[in-house]
Amino acid sequence: MRVEAACATGSAAIFSAYTAVSSGYVDLALAIGVEKMREVDTSTAIELMGRAGSYLWEFENFGLTFPGYYALYATAYMNRYGATEEDLALVAVKNHRYGAMNPLAQFQKEITVEDVLSSHVIAWPLKLYDCSPITDGSAAVVLASEDKVKELKIDTPVWIGGIASSSGTGTLSYRNDFIGLDAAVKASRIAYKMAGVEVKDVDVAEVHDCFTIAELLAYEDLGFCSRGEGYKMVREGQTEIGGEKPVNIDGGLKAKGHPIGATGVSMIVELTKQLREEVKPRSRQAPMKNYVGLAHNIGGTGHYAFITILKR
Amino acid sequence: MSQLPTIRSRKLEIEYNIPISKTKKFWDGLREGKIYGTRCKKCSKLYFPPVADCGECYSSEMDWVELSGEGELITFTHIVVRPTSFLNEQPYTIAIAELREGVKALAWLTGVKRKDIKIGMKVKLAPKITGDGRVTYEFKPL
Ligand SMILES: [Zn+2]
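For the structure given in this document, a descriptive report is provided here. (Residues numbered from 1 in each chain as written. Chains lettered and ligands numbered in written order. Predicted model: local features only at pLDDT ≥ 70, side-chain atom pairs only at ≥ 80, totals over all residues. Heavy atoms only, no water.)

### Examining the sheet that holds strand β8 (residues 304-311) of chain A
Residues and elements named next belong to chain A.
- Here four strands make up an open sheet; going across it, the order is β5-β8-β7-β6 and the pairing mixed. Two strands close off the open sheet at either side, each with one partner strand: β5 (159-167) and β6 (204-206). In this sheet, adjacent strand axes meet at a mean angle of 15° when their direction is disregarded.
- As defined by bridge partners, strand β7 (residues 292-299) adjoins β8 across eight bridges and the pair is classed as antiparallel. What sits directly across from G293, in β8, is L310.
- Along the sheet, helix α1 (residues 9-22) contacts β5, β7 and β8; its crossing angle with β5, the most-contacted strand, is approximately 120°.
- Its contacts with the sheet place helix α8 (residues 182-195) against β5, β7 and β8, and it is angled at close to 155° to β5. (Pairing = 2+ DSSP bridges. Helix = DSSP H or I, 4+ residues; strand = E, 2+ residues; numbered from the N terminus. Axes fitted to C-alpha atoms, helices over the stretch in contact; angles between N-to-C directions. Contact = heavy atoms within 4.5 Å.)

### What about the coordination of the zinc ion?
Residues and elements named next belong to chain B.
- The coordination sphere of the zinc ion, as far as protein atoms go, consists of C40 (SG), C43 (SG), C54 (SG) and C57 (SG), spread over 2.3 Å.
- Relative to the metal, the four donor atoms surrounding the zinc ion lie at angles of 100 to 115°, and the coordination shape comes out tetrahedral.
- The sequence motif formed by the donor residues of the zinc ion is C-x2-C-x10-C-x2-C.
- Judged by its relative accessible area of 2%, C40 falls in the buried class. (Donors = N, O, S within 2.8 Å, 3.2 Å for Na, K, Ca; no water. Tetrahedral: all angles 85-135°; square planar, octahedral: opposite > 155°, others 65-115°. Buried < 20%, exposed > 50% of the residue type's maximum accessible area, 1.4 Å probe, protein only.)

### Points about the packing of helix α4 (residues 66-81) of chain A against helix α9 (residues 212-221) of chain A
Residues and elements named next belong to chain A.
- Direction vectors running N to C along α4 and α9 enclose 65°, while the axes themselves pass 9 Å from each other. By crossing handedness, the relation of α4 to α9 is classed as left-handed. Note on element contacts: α9 touches α4 through I213, A214, L216, L217 and E220, opposite Y70, Y73, A74 and Y77.
- Looking at the contact of α4 with α9 residue by residue, the class counts come to eight nonpolar, no polar and one charged. (Left-handed = near helix turned anticlockwise from the far one by under 90°. Nonpolar A, V, L, I, M, F, W, Y, C, P; charged D, E, K, R; others polar.)

### What about the packing of α1(A) against helix α12 (residues 263-275) of chain A?
Residue and element names in this part refer to chain A.
- Look at α1 against α12: their axes get within 5 Å of each other, and the N-to-C directions meet at 65°. With respect to their mutual orientation, α1 and α12 come out roughly perpendicular. Residues G10, S11 and I14 of α1 form the contact with α12, whose participating residues are G264, V265 and I268. (Parallel < 35°, antiparallel > 145°, perpendicular 65-115°, else oblique.)

In structure tokens:
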């Protein structure tokens, strides 16, 4: 089966595989995410992705790009809460730091706030280093029923405790505000409930930092902090290893890379390694208290949101 | 771009007609200098851009309503890295404003220096015919 949900395609594939296994329709499923993006130049990539938004009212008429979509949120968010371009830059700096520790990351290089601020403008206020790159990549996850796991004698299975999806308006101007993604809020509440966990139980999270602002919105949409407090979490280092809630410690979309259809699957691969405590190097392993991980994967600008909660 | 070996594809150019039968009044209105939205006859919800069916109450009975176009800026961005089909344009500013009637609109904002653009500024949405004959609409400072 082929699945498509823009940047949330990988999670949509996992969701499909999960429903097939949990319904008893199959006892084993393989979810594969693949994307090859680097055979075209940047303006062509921006063109093809831009058409995945609200095509007629936003792309055809006004050439709204994906960096532009999130830039509209960044401008509104900074204006409302007093966050700065430096705060956005801190997200990129953090994720590059972990990318530098991840041998599978596209960018294995640390950067500074100054590097981000002085990089060229893509869609103001977002600059080059606020944006995830154009990436080739793939990831795969095997899902199995409880019986199959026993039969195959899997010693450290990681379970999907909760999985949920929600969608937002195709056209941005139908939304109430531009300071959070409703679809992510809704999907996360369903997923928490289904998994029987609370925000405080989450040991590690993978969130959809396609742009730096998106990671701050994710903290808030997922309830890691109150609305308008996300930038304080990154300022205080709360989302680093050793902080309250380590986020994107594989480099995130920002440094690990964002191969559109593979990203959601790649998040589950990383969380599986984290929950099994087999991350290498060990310095990139989050401490596990409850063995609960959360993946937040967004298609478009909250056109689709998938939240998956893993437990061991 | 990838440094790996490649072969060059054939060139593909696509141009097509976009169906507008359900919003024709809107596009005709732009040529007459008017901005139209639609209002649900049953639940009174107002839509811009116009829709033919109400997502609130599922009615398909809609009225066309002319909008003032006057509104207040909510957010904006300057698009510097453009899609291929917009490479002939200079970098442009896209804004979202809340119109007096309570709906939001997204369009280019022109006629104002970048440094003078502020959230909360008054703008007016007006029809525009581009140099290459496209019918569209844009914000201007009020
Ligand atoms: Zn209605």
